[in-house]
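Structure assessment
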Amino acid sequence: MITSSARNRLINLIAFLILALGSSGIIAKTLKIATVSPEFLDWMQHFKSAARQIESASERRVKVRIYPGGVMGDDETVLRKMRIGQLQGGVIAAGSLTRFFPDLQVYNLPLTFKSYDEIDYIRERMDSRIVQGLLNNGIHSFHLTETGFAYLMSKSPVRSVQDIKKLKAWIPEGDPIAAELIKTFGISPIPLTIPDVLPALQTGIIDAVAVPPVVALALQWHNYIEYVLDLPLIYVYSMLALDSKSLRGLTSEDLDLVTSRLDEVFKKVDMNNRLDNKKALEALVSQGIKITKPRREDLPEWESVAERSIDDLVKSGEISAGIVSTFKDHLSEYRLINTDTKDVSD
Amino acid sequence: MADDLADAILNSNDIETVREAIPAYLLLMDGLLNSSPNNVELLFAAARLNSSYSIYTDATRAKVLNQKGFDLAMRAVCVSRSVLCDAHSSKFEEFIERIEGLKPKDIEITYQLSMSWVSWIQVNSDDWNAIAQLGRVKALLKKLLDMDETWDAGGPHLYMGALETLLPAAMGGRPEKGKYHLERAISLSEGKYLMAKVVYAEQYARLVFDKDLHDRLLRQVIDSDPIVEGMTLTNLLAQERAKILLRESDDYF
């Protein structure tokens, strides 16, 4: 039998629980988001501050928890954890999301962009298609974020397609477009994990890498290369991707809050990264690394290799013919109106 | 004189007094250097003082102070006719060859230069030209560890540990190597140099997401006696930092 004081305590407890569960009746939702980026990077500070603002503006109905520095594993592991509900999202390379929407690789097609203006023109017209394509397949993405152009960096100078055939080049594991491009060049790629690249460059197992300048500098690979080929090879980008199920159950105000605050952050990161890569390229030059330009007479060969590589990607079903043709149409449109575009390095 | 001054500062148990006094010391150092411009010890002492003071200032001023610190350290290196003179602007391959030529008698010069260099990179980490030099400092520290890993109670291990834990493994960092160096720095200083534990918590434990280790290390720092010959001031600063990190712990993990 329950004594009266015990009963009072029970009533108090129930009353407390009712209050604690919230008068709105909405249970707080936590969005757990992982990234391999270390915490000290500038963009992480913006991300964390947006997370705090979301939590306070939603009166703690939505909490964003960030796991930095790869503590939840690499992109593949993050996606696996999203599938089983351990995580709700990740800031990951677009290339890791191809299984959800293969056409997102349209921006990664080799040697297609000649200037940043071209990218901006195309992205303005096609970002929404990528975002929608992902959404149809269960991924809610936010403002797409430029990582930068991958450039070919090597120990010996490269100007022509013939020069490239002599290279022992590294490509990131699990990147079909880079693998296809390298194959089209007629060289066999050497797949290595990122931590293995530096020792491989030191010992000569590889003598070339194709990455954005910021990556080469941050990982100190620049100490083992002497030349950068001034030809933007592949446009690399990333994004914050959430399992779209994780946003179900949010009120429309909370959903607006989450999307507007996070879009704002990644828009800023997108802009800052471009500036960062420009500065990084300058730093490579001031470190004594030489920039080589492809000879004018070699350009058609570079372009034809790129075309062949794109054709092969379409044929193998890696990307749809439809999106490639839309992309090319936009690019032609742009080039028709703008005949004097600047180089990416200008 | 310069050494006595440095000792007085490092052994002070009053952070505020030191902070207020350093600008006067800096001017004093400049004065002393005017009359003895080639005094290696004085140059290094002034270099250390300039970089150390930067922890009390804003980012812009910290850059100015560290640039001066690095220039003074490099001047000391060149006055000593070391192979490291102007090594920061040589080609990387040549730099590595020069390091190979270092002898055990060069340890002090190499160590002093490394400290100024790391500090300079740290305050300039928003500049890719500074980031580009990390590989050189690492090579320098590796040589120091080969020559004498016990130098300055494990100082080179502490710096190496901090550099190896800058980036997560997925981005090319080597946290486990960093852990080895940081634990070695702690054991060589018999746990008395509290900054080593703070770096271990802030960089390694956070990077691998080990809250238990993070909080345990910081509590040890806060509970320790900071008064240790030559380490008192840094230990007090380490305790201040530990309190801040521990407060942020629940938010981070």
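Residues numbered from 1 in each chain as written. Chains lettered and ligands numbered in written order. Predicted model: local features only at pLDDT ≥ 70, side-chain atom pairs only at ≥ 80, totals over all residues. Heavy atoms only, no water.

A few words on the overall build of chain A. Looking only at helices and strands, chain A has eleven helices and eleven strands in total. When each of the 346 residues of chain A is scored for burial, the buried share is 49%. Sequence-distant contacts, at least 24 apart, represent 77% of the contacts inside chain A between residues at least 6 apart. Accessible surface computed for chain A: about 16400 Å², of which carbon and sulfur atoms make up 55%. (Helix = DSSP H or I, 4+ residues; strand = E, 2+ residues; numbered from the N terminus. Buried < 20%, exposed > 50% of the residue type's maximum accessible area, 1.4 Å probe, protein only. Contact = heavy atoms within 4.5 Å. Areas by Shrake-Rupley, 256 points an atom, 1.4 Å probe, with all protein chains shown as cover.)

Time to look at the overall build of chain B. Each helix and strand in chain B was counted, giving 13 helices and zero strands. Dimensions of chain B, computed from the C-alpha atoms along their principal axes, are close to 50 × 45 × 35 Å. Residues classed as buried in chain B amount to 51% of the 253 residues present. A separation of at least 24 residues holds for 63% of the contacts in chain B among residues at least 6 apart in sequence. By element, 52% of the accessible surface of chain B is carried by carbon and sulfur atoms, the whole surface being about 11600 Å².

The next point concerns the interface of chain A and chain B. On the side of chain B, 25 residues touch chain A, which itself brings 29 residues to the contact. Approximately 2200 Å² of surface area, both sides summed, lies buried where chain A meets chain B, with 60% of it carried by carbon and sulfur atoms. Summed over the three residues of chain A that lose the most area to chain B, namely Gln220(A), Asn223(A) and Gln287(A), the buried surface amounts to 20% of that side. The shortest N-O distance in the salt bridge between Lys91(B) and Glu226(A) comes to 3.9 Å. (Buried area = accessible area lost by both parts, 1.4 Å probe. Salt bridge = Lys/Arg side-chain N within 4 Å of Asp/Glu carboxyl O.)

Another aspect to go through is unusual backbone geometry. One non-glycine residue, Leu111(A), lies in positive phi territory at about 50 degrees. By the secondary structure assignment, Leu111(A) is in the loop between β3 (89–93) and α4 (116–135). On the basis of relative accessible area, Leu111(A) is assigned to the buried category, the value being 14%. Of note, Arg81(B) is a non-glycine position whose phi angle comes to about 55 degrees, a positive value.

All names here are of chain A. Judged from the six bridges that link them, strand β1 (residues 29–35) and strand β2 (residues 62–67) form a sheet pairing that is parallel. Counted as the bridge partner of Thr-30 is Lys-63 from β2. With helix α2 (residues 42–57) bridging β1 and the parallel β2, this β-α-β connection has right-handed handedness. (Pairing = 2+ DSSP bridges. Right-handed = clockwise from strand over helix to strand, strands pointing away.)

We now examine the state of the cysteines. Residues and elements named next belong to chain B. Taken as a whole, this structure holds one disulfide over all chains when the rule is applied. Sulfur-sulfur distance for the disulfide between Cys-78 and Cys-85 comes to 2.0 Å. Residues Cys-78 and Cys-85 share a disulfide whose torsion about the S-S bond is about 95 degrees; that sign makes it right-handed. A relative accessible area of 25% places Cys-78 in the partly exposed class. (Disulfide = S-S within 2.5 Å.)

Bringing the packing of helix α3 (residues 40–53) of chain B against helix α4 (residues 59–79) of chain B into the picture now. Residues and elements named next belong to chain B. Between α3 and α4, the shortest axis-to-axis distance is 8 Å and the interhelical angle comes to 160 degrees. With respect to α4, the element α3 is oriented roughly antiparallel. Regarding α3 and α4, the two cross each other, and that crossing is left-handed. For the pair formed by α3 and α4, the contact residues are Val-40, Leu-43, Phe-44, Ala-46, Ala-47, Asn-50, Ser-51 and Tyr-53 on the first element and Leu-65, Asn-66, Lys-68, Gly-69, Leu-72, Ala-73, Arg-75, Ala-76, Val-77 and Val-79 on the second. Per-class residue counts for the contact of α3 with α4 are twelve nonpolar, four polar and two charged. (Axes fitted to C-alpha atoms, helices over the stretch in contact; angles between N-to-C directions. Parallel < 35°, antiparallel > 145°, perpendicular 65-115°, else oblique. Left-handed = near helix turned anticlockwise from the far one by under 90°. Nonpolar A, V, L, I, M, F, W, Y, C, P; charged D, E, K, R; others polar.)

For the rest of this paragraph, the subject is the environment of Leu255(A). Residues and elements named next belong to chain A. Tracing the chain through its elements places Leu-255 in helix α9 (residues 252–286). With relative accessibility at 29%, the residue Leu-255 sits in the partly exposed group. In sequence terms Leu-255 and Leu-97 are 158 residues apart; their C-alpha atoms lie 23 Å from each other.

What follows deals with the environment of Gln203(B). All names here are of chain B. Looking at where Gln-203 falls in the secondary structure, it is placed in helix α11 (residues 194–207). Owing to a relative accessible area of 22%, Gln-203 belongs among the partly exposed residues under this scheme. In contact with Gln-203, other than residues within four places in its own chain, are Ala-162, Thr-165 and Leu-166.

A few words now on the packing of helix α10 (residues 175–188) of chain B against α11(B). Residues and elements named next belong to chain B. The N-to-C vectors of α10 and α11 enclose an angle of 160 degrees; their axes lie 10 Å apart at closest approach. When the interaxial angle is binned, α10 and α11 end up roughly antiparallel. For α10 against α11, the interelement crossing comes out left-handed. Residues Pro-175, Glu-176, Lys-179, Leu-182, Glu-183, Ala-185 and Ile-186 of α10 lie in contact with α11, whose contacting residues are Ala-196, Lys-197, Val-199, Tyr-200, Tyr-204 and Leu-207.

By the element assignment, Ser114(B) lies in helix α6 (residues 107–123). Residues in contact with Ser114(B), not counting those within four places in the same chain, are Val137(B), Leu140(B), Leu141(B) and Leu144(B).

A word on the pairing of β3(A). Residues and elements named next belong to chain A. By the criterion of burial, β3 is predominantly enclosed, with four of the five residues buried. In terms of strand pairing, β3 meets strand β10 (residues 234–243) through five bridges, oriented antiparallel. Considered in β10, the bridge of Ala-93 is made with Ser-238.

Following the criterion strictly, the structure yields 24 aromatic pairs over all chains and no others. Judged by centre distance (5.4 Å) and plane angle (70 degrees), the ring pair of Phe47(A) and Phe266(A) falls under edge-to-face. Pair noted here: Phe47(A) is in helix α2 and Phe266(A) is in helix α9, with a separation of 219 residues, a long-range link. Considering the side-chain rings of Tyr252(B) and Phe253(B), the 4.9 Å spacing of their centres and the 80 degrees angle between planes classify their relative orientation as edge-to-face. Three or more aromatic residues joined by ring pairs form one cluster here, namely Tyr107(A), Phe113(A), Tyr116(A), Phe149(A), Tyr235(A), Tyr237(A) and Phe327(A). Looking at Arg136(B), its charged tip hangs above the ring of Phe95(B), at a distance of 5.4 Å from the centre. Sitting over the face of the ring of Tyr252(B), Arg206(B) holds its NZ or CZ atom 4.6 Å from the ring centroid. (Phe/Tyr/Trp six-rings, centres within 6.5 Å; stacked < 30°, edge-to-face > 60°. Lys NZ or Arg CZ within 6 Å of the ring centre and 35° of its normal.)

Further remarks concern α4(A). Residue and element names in this part refer to chain A. For α4, which comprises 20 residues, the first-to-last C-alpha distance of 27 Å matches the rise-based estimate of 28 Å (1.5 Å per residue) to within 8%. Along its length, α4 reaches its greatest deviation from straightness, about 45 degrees, at Glu-124. Along α4, the residues that are buried comprise Tyr-116, Glu-118, Ile-119, Tyr-121, Ile-122, Arg-123, Met-126, Asp-127, Ile-130, Gly-133 and Leu-134. Two or three places before Asp-117, at the opening of α4, Ser-115 has a side-chain oxygen 3.4 Å from that residue's backbone nitrogen. (Expected span 1.5 Å × (residues − 1). Bend = angle between axes of the 7 residues up to and from the residue. Polar contact = N/O pair within 3.5 Å; in protein donor to acceptor, adjacent residues only side chain to side chain.)

So, about the side chain of Thr110(B). All names here are of chain B. Relative to the elements of secondary structure, Thr-110 occurs in helix α6. Using a relative accessible area of 0% as the deciding quantity, one classes Thr-110 as buried. Setting aside its immediate chain neighbours within four residues, Thr-110 contacts Leu-84, Leu-102, Leu-140, Leu-144 and Met-147.

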